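Summary of structural features
Here is what each chain is made of, one letter per residue.
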Amino acid sequence: MKKILNNTVLVFALSFALSSCGGNSEKESTAAQSAAATVEAEPVKPVEPEMSNVLALEGNDQMQYNQTEFKIAAGRSVTLTLKHTGTLEKNAMGHNFVLLKQGTDMNAFAKKAMEAKDNDYIPKSESASVIAHTKLLGGGESDTITFTVTEKGTYDFICSFPGHISMMKGKLIVE
Ligand code: CO
């Protein structure tokens, strides 16, 4: 299997080289080598979050966010859109985005949130710990919020729906 793959790469590289520069054979083999190297090096690329002031986050019916890390600039207004891509109702699979101040015990916060169903699981007693939050969403819904974080550092964000913090949490890095 590996040999077949290598041959395929070589054939591709050679045809590329031949079509791009029909010159002397030394030039062709150099082009073939670099083309082959490019083909082999391409697939593995770790995804690092890029700094942005427009953030898009999704939650699904499997109790997951599609992203767990964002990077933003300190003191700059940021727009975040949370979209629930599933179909379940918010009573069963509700999702929100709650950005917590540094030093907040997110598990203690989530515990308090469980008792705040009447306020979409944002506990009023803990409002001093919340920098920003979206509405609680059910399948197909979305909400967009705008906020600014002035202090550099790493901040936790969670879904405060009961039980979801175990799977739905992430980091907002402010630089
Ligand atoms: Co959730």
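Residues numbered from 1 in each chain as written. Predicted model: local features only at pLDDT ≥ 70, side-chain atom pairs only at ≥ 80, totals over all residues. Heavy atoms only, no water.

**Notes on the pattern of salt bridges**
- If you walk through the whole model with that rule in mind, you get 2 salt bridges.
- In this structure, Asp 156 engages Lys 171 in a salt bridge whose closest nitrogen and oxygen atoms are separated by 2.9 Å. Linking Asp 156 in strand β7 (residues 153-158) with Lys 171 in strand β8 (residues 169-174), this pair joins segments that are 15 residues apart in sequence.
- You can call Asp 156 buried: its relative accessible area is 19%.
- Judged by relative accessible area, Lys 171 falls into the partly exposed class, the value being 38%. (Salt bridge = Lys/Arg side-chain N within 4 Å of Asp/Glu carboxyl O. Helix = DSSP H or I, 4+ residues; strand = E, 2+ residues; numbered from the N terminus. Buried < 20%, exposed > 50% of the residue type's maximum accessible area, 1.4 Å probe, protein only.)

**Examining the nonpolar core**
- Among the nonpolar cores identified, the biggest contains 34 residues, and Ile 72, Phe 97, Leu 99, Phe 147, Val 149, Phe 157 and Leu 172 are the most heavily contacted of them.
- Looking at this core, the element that brings in the most residues is helix α4 (residues 106-113), giving 4 residues. (Core = buried A, V, L, I, M, F, W, Y, C linked by side-chain atoms within 4.5 Å.)

**Focus on α4**
- Where α4 is concerned, the buried positions are Met 106, Phe 109, Ala 110 and Ala 113. For α4, the angular spread of buried residues about the axis comes to 100°, placing them on one side.
- Where α4 is buried, its residues meet β4 (98-100), β5 (130-133), β7 and β8.
- For α4, the capping residue at the N-terminal end is Asp 105, with a side-chain oxygen 3.1 Å from the backbone nitrogen of Asn 107. (Arc of directions from axis to C-beta. Contact = heavy atoms within 4.5 Å. Polar contact = N/O pair within 3.5 Å; in protein donor to acceptor, adjacent residues only side chain to side chain.)

**Regarding the coordination of the cobalt ion**
- Binding of the cobalt ion to the protein goes through Gly 94 (O), His 95 (ND1), Cys 159 (SG) and His 164 (ND1), at separations of 2.1 to 2.5 Å.
- Considering all 4 donor atoms around the cobalt ion, the spread of angles at the metal, 78 to 132°, places the coordination shape in the irregular class.
- Along the chain, the residues that donate to the cobalt ion are spaced as G-H-x63-C-x4-H.
- A residue is classified by how much of its surface remains accessible, and Cys 159, at 0% relative accessible area, is buried. (Donors = N, O, S within 2.8 Å, 3.2 Å for Na, K, Ca; no water. Tetrahedral: all angles 85-135°; square planar, octahedral: opposite > 155°, others 65-115°.)

**Quick notes on the packing of aromatic side chains**
- All told, the structure shown has 5 aromatic pairs when counted by the stated rule.
- Centre to centre, the rings of Phe 70 and Phe 157 are 5.9 Å apart; their planes meet at 40°, and the pair counts as tilted. In this pair, Phe 70 is assigned in strand β2 (residues 69-72) and Phe 157 in strand β7, connecting sequence segments 87 residues apart. Of the two residues examined, Phe 70 and Phe 157, each falls in the buried class.
- Ring geometry for Phe 97 versus Phe 157: centroids 5.1 Å apart, planes at 35°, classification tilted. Pair noted here: Phe 97 is in the loop between α3 (90-93) and β4 and Phe 157 is in strand β7, with a separation of 60 residues, a long-range link.
- Given a relative accessible area of 0%, Phe 157 falls into the buried group.
- By way of ring pairs, the aromatic residues Tyr 65, Phe 70, Phe 97, Phe 147 and Phe 157 are connected into one cluster. (Phe/Tyr/Trp six-rings, centres within 6.5 Å; stacked < 30°, edge-to-face > 60°.)

**A look at the side chain of Thr 104**
- Mapped onto the fold, Thr 104 is located in the loop between β4 and α4.
- Within the local environment of Thr 104, its side chain forms a polar contact with the backbone oxygen of Lys 101, the two atoms lying 2.7 Å apart.
- In this view, Thr 104 contacts Phe 109 and Ser 129; residues no more than four positions away in its chain are not counted.

**A few points about the environment of Gln 64**
- Mapped onto the elements, Gln 64 comes out in the loop between β1 (54-59) and β2.
- Given the relative accessible area of 35%, Gln 64 is considered partly exposed.
- Put simply, Gln 64 and Met 168 are 104 residues apart on the chain and 5.6 Å apart in space, counted from C-alpha to C-alpha.
- If we skip the residues at most four places from it in the chain, Gln 64 touches Glu 58, Gly 59, Met 167 and Met 168.

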